[in-house]
Amino acid sequence: MAVFPYTEKPLGLQANSYPKLNSNLTSNFNCTATENAETSLVLLLMLQARVHVQGHCRTCIRPCSSISISTSPSSQPFSLPIISELIAKQHWSELKTHLKDSNFIAVLHQLFDAGADPVLILRYFSWSQKNFNVTHPLELTCRLLHYLANAKKYSKIRAFLDGFVRNNEKHSNSSIFHMLSMCGNQFCANSVIIDMLVLANVKNMKTRLGFEAFQRAGDYGFKLSVLSCNSLLSALVKENEIGYVEYVYKEMVRRRIEADLFTFSIVINGLCKVGKLNKARDVTNDMKAWGISPNVVTYNTLIDGYCKKGGLGKMHKADAILKEMVANNVRPNEITFNILIDGFCKDENVASAVKVFEEMKQGLKPNVVTYNSLINGLCCNGKLDEACGLWDEMLGLGLKPNIVTYNALINGFCKKKMMKEAKELFDDIMNGGLAPSAITYNTLIDAYCKHGMMEEAYALHNSMLERRVSPNTSTFNCWIACFCRQGNMELARKFLREMEVRGLKADPITYNLLIDALCKEGESRKAERLLNEMFKKGLSPSHVTYNTLMDGYCREGNLKAALNVRLQMEKEGNRANIVTFNVLIKGHCMKGKLKVANELLNEMLEKGLVPNRTTYEIVKEEMMEKGFLPDIEGHLYNISSF
DNA sequence: ATAGGGTTAG
């Protein structure tokens, strides 16, 4: 083996062509097949200029894999076959010794040019990156990806991209796409690589980048797989980015990426979660048109959508879908029943929930979720005894309560001011091998605060910290609500600041509390500024927010401002609910505008809203006792039934 | 790769 040492900077060679190359390096050449120095020099220059070296050694006709080049300060060269073997055997420390101060990028180039095994190159790539603590140029990364794609080493690409995406902060999608197309224009390889890039981004919680890559793939005409698109859609749904979900769905159709059952179910779920139920039905029809039948998951998703966002008569609509499902020979499962039971409970119709529960037992086994929904429903409707009965029933069936079960029942005791029993249940949690969650603590802290047991509340907060359960925004909301109730705004503000110091963000409930507090101080204008701040922060005000502010203006006698808030609320897609009407009716009564109040009452009834106890009290105290008989036809009887 | 349960605000 002959060595051809050159003095520094031969023939105008720039020593800093590579970042690690020092000017005082001596470049050594080693051509195992020939002793032709000229050949070696040409090869080196080509490599330095990043010209791809291919073919054979000029004089010996050996493949160039037998030629190795190093830029090393010592006279010791490296040999490609040896390196290959060391990489293959993963003898890293030996490899390190062998390479000494060689330019690892030059080695990489050589491995590529020598047509080495792609998996071997990948190994060296990863090792050198880690060992020298550097990031290889994007060009080499893309070259490697192409190399692997051509060898159909897809699982290797997947794993590689996973690591790449996790650590990549330098390269934008734009440069990755650009470099990838520069390195090779095999269309299929590029499509496969980009497809896996989308997936890798999604899996690493970089949904935004995944979406961006999806968009760019469209610009480049790369065809993505339905699997990656579904993962992207699923992540977008979880992050509540339904606008993007609709976009991706439409794009898939346009790009002729064939949507499957999963695609449709995910999109339907996304639409349901934000209450776009009609659109969800449209997608259900789309899928049927494509010859794909909704399955139990699709139907469950739709039923759940109606249960949670169906508005008036939602349980009837949910029931209609159940019938449609059965008519299409799709059998309801435990989850279907759980959804319905929870729906009836949340609709304050526990009786129907229990009926569905009994029906379910005919052919299916209720599980812990079933019991949790029912226990919670009963607790929220004051039926603590029945809830306890179900607790015993589930234990009898060998079903183990989980933390959700505990939380629901603890909440039930709290609502009945049975704090001793609530605490006993709390202390029992650990016996079952469970741990209290933030919700457990929040429930109890809130209840102690509400019942004026401040010492107990503080103690629980401390125990929460000791057990390393992080207080969340809800925890602080409980405290802020507590101090607002006590009129101690200074302390409320202190906790708000403390919350923000801990990096916890105010949520819509925090804002409602602050808006309510300002309104009670007669500062409704300032409260409205907080409402606008919510929009700026991307938080959506709920009915409660608008109703609270409306109530504030009504108390101040500013009906015009209150009505404006209603307009804004409806513009934002929130329909007036029962509380809205109660607030406005009462506001108008207080100002003696009984005729307008009566019109509002009629409007409310026309909209099918069911008057509640508060409505009744307003009508009785503010209208009837003042000699005004509301003109609400047959509804007066219903109102009087309270 | 798609579906279900628990806390805080009017």
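What you see is a predicted model, and the numbers here were worked out from it, not measured in a lab.

**Some thoughts on the overall build of chain A**
Thinking step 1. When you go through chain A residue by residue, the secondary structure sums to 34 helices and 3 strands.
Thinking step 2. Taken over 642 residues, chain A has a buried fraction of 49%.
Thinking step 3. In chain A, once contacts between residues fewer than 6 apart in sequence are set aside, the share between residues at least 24 apart is 62%.
Thinking step 4. A total accessible area of about 32200 Å² is found for chain A, and carbon and sulfur atoms account for 52% of it.

**Focus: helix α17 (residues 334-346)**
Thinking step 1. Given a rise of 1.5 Å per residue, 13 residues ought to cover 18 Å, and the 18 Å separating the end C-alpha atoms of α17 matches this to within 8%.
Thinking step 2. In terms of burial, α17 is largely enclosed, as 10 of its 13 residues are buried.
Thinking step 3. What α17 keeps buried is the set Thr-336, Phe-337, Asn-338, Ile-339, Leu-340, Ile-341, Asp-342, Gly-343, Phe-344 and Cys-345.
Thinking step 4. Buried residues belonging to α17 abut α15 (296-309), α16 (314-327), α18 (350-363) and α19 (368-380).
Thinking step 5. Where α17 begins, the capping side chain belongs to Asn-333, and its oxygen is found 3.0 Å from the backbone nitrogen of Ile-335.
Thinking step 6. Glu-348 sits one or two positions beyond α17 and adopts a positive phi of about 55 degrees.

**Considering the protein's contact with DNA strand B**
Thinking step 1. Residues in close proximity to DNA strand B total 50 residues, the closest being Asn-338, Asn-372, Asn-402, Asn-407 and Asn-512.
Thinking step 2. The share of sugar and phosphate among atoms of DNA strand B within 4 Å of the protein is 40%.
Thinking step 3. At 2.6 Å from a base nitrogen of DNA strand B is found a side-chain nitrogen or oxygen belonging to Asn-300.
Thinking step 4. In this structure, a sugar or linking oxygen belonging to DNA strand B sits 3.3 Å away from a side-chain N or O atom of Thr-301.

**What about the packing of helix α21 (residues 403-415) against helix α22 (residues 419-428)?**
Thinking step 1. Two elements in contact, α21 and α22, have axes separated by 7 Å at closest approach and are oriented at 165 degrees. The angle between α21 and α22 places the two elements in the roughly antiparallel class. With respect to the hand of their crossing, α21 and α22 are arranged in left-handed fashion. Counted together, Tyr-406, Leu-409, Ile-410, Phe-413 and Cys-414 of α21 and Met-419, Glu-421, Ala-422, Leu-425, Phe-426 and Asp-428 of α22 form the full contact between these two elements.
Thinking step 2. Partitioned by chemical class, the residues of the contact of α21 with α22 number 9 nonpolar, no polar and 2 charged.

**What about α21?**
Thinking step 1. Here α21 spans 18 Å end to end across 13 residues, near enough to the 18 Å set by a 1.5 Å rise per residue.
Thinking step 2. Among the structural elements, α19, α20 (384-396), α22 and α23 (438-450) are those in contact with the buried residues of α21.
Thinking step 3. Its side-chain oxygen placed 3.1 Å from the backbone nitrogen of Val-404, Asn-402 serves as the N-cap of α21.
Thinking step 4. Taken from the residues just after α21, Lys-417 is the one with a positive phi, measuring 60 degrees.

**Regarding unusual backbone geometry**
Thinking step 1. Unusually for a residue other than glycine, Asn-240 sits at a positive phi of about 65 degrees.
Thinking step 2. On the secondary structure map, Asn-240 appears in the loop between α11 (226-238) and α12 (242-254).
Thinking step 3. Given a relative accessible area of 52%, Asn-240 falls into the exposed group.
Thinking step 4. One non-glycine residue, Glu-348, adopts positive backbone phi at about 55 degrees.

**A few points about the pattern of salt bridges**
Thinking step 1. Enumeration according to the criterion identifies 27 salt bridges in this entry.
Thinking step 2. The residue Lys-89 makes a salt bridge to Glu-85 at a minimum N-O spacing of 2.9 Å.
Thinking step 3. In this structure Glu-85 comes out as partly exposed when scored by relative accessible area, which is 46%.
Thinking step 4. With a shortest N-O distance of 2.8 Å, Lys-450 and Asp-446 are connected by a salt bridge. Here Lys-450 pairs with Asp-446, and both are found in helix α23, just 4 residues apart, close to one helical turn.
Thinking step 5. What you see here is one network of salt bridges that share partners, running through Arg-566, Glu-570, Glu-603 and Lys-607.

**Quick notes on the nonpolar core**
Thinking step 1. Grouped together as the largest cluster of nonpolar side chains are 184 residues, with contacts concentrated most on Tyr-124, Ile-375 and Ile-480.
Thinking step 2. For this core, the element with the most residues is helix α9 (residues 187-203), which contributes 8 residues.
Thinking step 3. Counting only domains with at least three residues in this core, you end up with domain 1 (1-134) and domain 2 (596-642).
Thinking step 4. When sequence neighbours within four positions are dropped, the list of residues in contact with Ile-375 reads Ala-387, Leu-390, Trp-391, Met-394, Thr-405, Ala-408 and Leu-409.

**With respect to the confidence of the model for chain A**
Thinking step 1. Chain-level pLDDT for chain A is 87 on average; 86% of the residues reach the 70-or-more range.
Thinking step 2. Low pLDDT, under 50, characterises residues 1-76; the stretch is placed with 136 contacts to residues that sit more than four places away or in other chains.

**A short note on the packing of aromatic side chains**
Thinking step 1. If you walk through the whole model with that rule in mind, you get 20 aromatic pairs.
Thinking step 2. Both rings, one in Phe-112 and one in Tyr-147, keep their centres 5.4 Å apart while their planes meet at 80 degrees; by these two values the pair is edge-to-face. With a gap of 35 residues between them, Phe-112 in helix α4 (residues 104-113) and Tyr-147 in helix α6 (residues 138-150) connect regions that are remote in the sequence.
Thinking step 3. Here Tyr-147 falls in the partly exposed class, since its relative accessible area comes to 23%.
Thinking step 4. Relative to Phe-222, the ring of Phe-177 has its centre 6.1 Å away and its plane inclined at 15 degrees; by these criteria the two rings are stacked. Remark: Phe-222 occurs in the loop between α10 (207-220) and α11 and Phe-177 occurs in helix α8 (residues 173-183); sequence separation between them is 45 residues. Both residues of the pair, Phe-177 and Phe-222, count as buried.
Thinking step 5. In textbook terms, an aromatic cluster arises when at least three aromatic residues are bridged by ring pairs, as seen for Tyr-458, Phe-476, Trp-479, Phe-483 and Phe-495.

Rules of the game
Residues numbered from 1 in each chain as written. Chains lettered and ligands numbered in written order. Predicted model: local features only at pLDDT ≥ 70, side-chain atom pairs only at ≥ 80, totals over all residues. Heavy atoms only, no water. Helix = DSSP H or I, 4+ residues; strand = E, 2+ residues; numbered from the N terminus. Buried < 20%, exposed > 50% of the residue type's maximum accessible area, 1.4 Å probe, protein only. Contact = heavy atoms within 4.5 Å. Areas by Shrake-Rupley, 256 points an atom, 1.4 Å probe, with all protein chains shown as cover. Expected span 1.5 Å × (residues − 1). Polar contact = N/O pair within 3.5 Å; in protein donor to acceptor, adjacent residues only side chain to side chain. Near = heavy atom within 4 Å. Axes fitted to C-alpha atoms, helices over the stretch in contact; angles between N-to-C directions. Parallel < 35°, antiparallel > 145°, perpendicular 65-115°, else oblique. Left-handed = near helix turned anticlockwise from the far one by under 90°. Nonpolar A, V, L, I, M, F, W, Y, C, P; charged D, E, K, R; others polar. Salt bridge = Lys/Arg side-chain N within 4 Å of Asp/Glu carboxyl O. Core = buried A, V, L, I, M, F, W, Y, C linked by side-chain atoms within 4.5 Å. Domains from an automatic or database assignment. pLDDT = per-residue confidence, 0-100. Phe/Tyr/Trp six-rings, centres within 6.5 Å; stacked < 30°, edge-to-face > 60°.

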